[in-house]
Amino acid sequence: MQLRTLELFCHVADQRSFSKAAAAGGVTQSAVSQSIGHLEESLETTLIDRSKRPLKLTEAGQIYLNGVREIVRQYKELEDRVHQHGRRLIDTVTVGAVYSVGLSYMPEAKQAFEQNHRDVRIRTEFGSSQRVVEMVLSNEVDFGLVSFPRATKALGAIPWQSEPMRLVCSAEHPFASETEITASRLEGIEMIGFVKGLVLRQAIDQCLKSAGVTVLTSMEFDNCDSIVRAIQANRGVGIVPEAAVRRETATGSLRVVACPEIQMVRPLGIIFRKRGKLSRAATEFGSLLLGREMEHDLLSKTEAAKADREKSESRDRAVSVLI
């Protein structure tokens, strides 16, 4: 049986109309009618009840449809794999990232990806969280890396990882000689931190408030790199993402000070345009960052539920055949 006939049968089942199925399949209504007629003759059974409007599948037709859908899906997947076999990725993937995330995670990920895909170039565009959102919405970048990702009507958000926040100080600060302090030691001290408008600053303020601590933020910046440099230059103290100070804590220019009452993380995530489709290269790079296939995360809730349902039904049918 030709695959085209099976596809037309699926169109009729979905549209419940020969004319609509013809439009969906790009053929004439007569061609659809003849194809279904030949199919029924070969199976020696009636698949479609033509006495009903809209058309209705018979019991045999429903059984046949359940099997045919899986055959069509598997064949299309096979075609995709054959078409992609041996085809090298040749593309440029542009990622928008807030400074701390881009500087901390992108270099290693870029190097690992380009080693396996030598014809793909990964570019990073830096900006504030709001700027990254703007770049994603305006299609300036393929997707964005931000902290506290939030889905909207236009943006999808994929959780990535939770990054610990650390209390750090310069090597010359009084805290530098201590391995652990209580939150009360922070009361009234001057700290170097993020500007008030950032969600991360609000989260830090809430964490300090929950610990019963009030501090004076003497200097404010909109990015981690500037905060780190200011802490070093001014013998200061601040709360910053762990990944942003790995080099400085390794060399000893900054010290991590444990404070059991100050425990917090910042969620990191990938944001993408809901309207539009990522290139294969962008999807594969996203998968490398996530450590799992990104395709499922790009689907809407309805599409994802449908994909999961179809996968489950396929698995159940395969098991029933084996039994």
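It should be noted that the structure appears before, not after, this text.
Residues numbered from 1 in each chain as written. Predicted model: local features only at pLDDT ≥ 70, side-chain atom pairs only at ≥ 80, totals over all residues. Heavy atoms only, no water.

Observations regarding the pairing of strand 4 (residues 120-126)
Part 1 of the reasoning: Alignment of strand 3 (residues 91-97) against strand 4, held across seven bridges, turns out to be parallel. Looking at the pairing, threonine 92 lines up with arginine 121 of strand 4.
Part 2 of the reasoning: Once you follow strand 3 into helix 5 (residues 99-116) and on to strand 4, the crossover reads as right-handed. (Pairing = 2+ DSSP bridges. Helix = DSSP H or I, 4+ residues; strand = E, 2+ residues; numbered from the N terminus. Right-handed = clockwise from strand over helix to strand, strands pointing away.)

Re the environment of threonine 46
Part 1 of the reasoning: The residue threonine 46 is located in the loop between helix 3 (29-43) and strand 1 (48-49) in this model.
Part 2 of the reasoning: A relative accessible area of 44% places threonine 46 in the partly exposed class.
Part 3 of the reasoning: Along the sequence, threonine 46 and leucine 57 sit 11 residues apart, while their C-alpha atoms lie 8.8 Å from each other.
Part 4 of the reasoning: Every residue in contact with threonine 46, bar those within four places of it in the chain, is listed here: Glu40, Thr58, Ala60 and Gly61. (Buried < 20%, exposed > 50% of the residue type's maximum accessible area, 1.4 Å probe, protein only. Contact = heavy atoms within 4.5 Å.)

Focus on the packing of helix 1 (residues 3-15) against helix 2 (residues 18-25)
Part 1 of the reasoning: Helix 2 packs onto helix 1 with a crossing angle of 130° between their chain directions and a minimal axis gap of 8 Å. Regarding the angle of helix 1 to helix 2, the classification is oblique. As helix 1 runs across helix 2, the sense of the crossing is right-handed. Across the interface between the two elements, Arg4, Leu8, His11, Val12 and Gln15 from helix 1 touch Phe18, Lys20, Ala21, Ala24 and Gly25 from helix 2.
Part 2 of the reasoning: Looking at side-chain class alone, the contact of helix 1 with helix 2 contains five nonpolar, three polar and two charged residues. (Axes fitted to C-alpha atoms, helices over the stretch in contact; angles between N-to-C directions. Parallel < 35°, antiparallel > 145°, perpendicular 65-115°, else oblique. Left-handed = near helix turned anticlockwise from the far one by under 90°. Nonpolar A, V, L, I, M, F, W, Y, C, P; charged D, E, K, R; others polar.)

A closer look at unusual backbone geometry
Most peptide bonds are trans, and most residues other than glycine sit at a negative phi.
Part 1 of the reasoning: In the segment running from arginine 53 into proline 54, the intervening peptide bond is cis, with an omega of 0°.
Part 2 of the reasoning: Among the secondary structure elements, proline 54 is positioned in the loop between strand 1 and strand 2 (56-57).
Part 3 of the reasoning: With phi around 65°, asparagine 139 is a residue other than glycine that occupies positive phi space.
Part 4 of the reasoning: When you line up the elements, asparagine 139 lands in the loop between helix 6 (129-137) and strand 5 (143-147).

A closer look at the pattern of salt bridges
Part 1 of the reasoning: Within the structure shown, the criterion is met by 21 salt bridges.
Part 2 of the reasoning: Measuring nitrogen to oxygen at the nearest pair gives 3.9 Å for the salt bridge that ties glutamate 7 to lysine 76. Of this pair, glutamate 7 sits in helix 1 while lysine 76 sits in helix 4 (residues 59-84), and the two are 69 residues apart along the sequence.
Part 3 of the reasoning: Note on glutamate 7: relative accessible area 16%, which makes it buried.
Part 4 of the reasoning: One salt bridge connects glutamate 40 with arginine 50, and the closest N-O pair in it is separated by 2.9 Å. Taken as a pair, glutamate 40 in helix 3 and arginine 50 in the loop between strand 1 and strand 2 lie far apart in primary sequence, 10 residues in all.
Part 5 of the reasoning: In the salt-bridge network here, residues are joined through shared partners; they are Asp225, Arg229, Arg247 and Glu248. (Salt bridge = Lys/Arg side-chain N within 4 Å of Asp/Glu carboxyl O.)

Some words on the packing of aromatic side chains
Part 1 of the reasoning: Counted under the stated rule, the structure contains five aromatic pairs.
Part 2 of the reasoning: When the centroid spacing of 6.0 Å and the interplanar angle of 5° are considered together, the rings of tyrosine 99 and phenylalanine 126 count as stacked. In this pair, tyrosine 99 sits in helix 5 while phenylalanine 126 sits in strand 4, placing the two residues 27 residues apart along the sequence.
Part 3 of the reasoning: One aromatic cluster in this structure is built from Phe113, Phe143 and Phe285. (Phe/Tyr/Trp six-rings, centres within 6.5 Å; stacked < 30°, edge-to-face > 60°.)

Some points on the environment of alanine 203
Part 1 of the reasoning: Relative to the elements of secondary structure, alanine 203 occurs in helix 7 (residues 199-210).
Part 2 of the reasoning: On the basis of relative accessibility, which here comes to 22%, the residue alanine 203 falls in the partly exposed class.
Part 3 of the reasoning: Along the primary structure alanine 203 and arginine 266 are separated by 63 residues, whereas in three dimensions their C-alpha atoms are 8.4 Å apart.
Part 4 of the reasoning: When neighbours within four sequence positions are excluded, alanine 203 is seen to be in contact with Phe148 and Met264.

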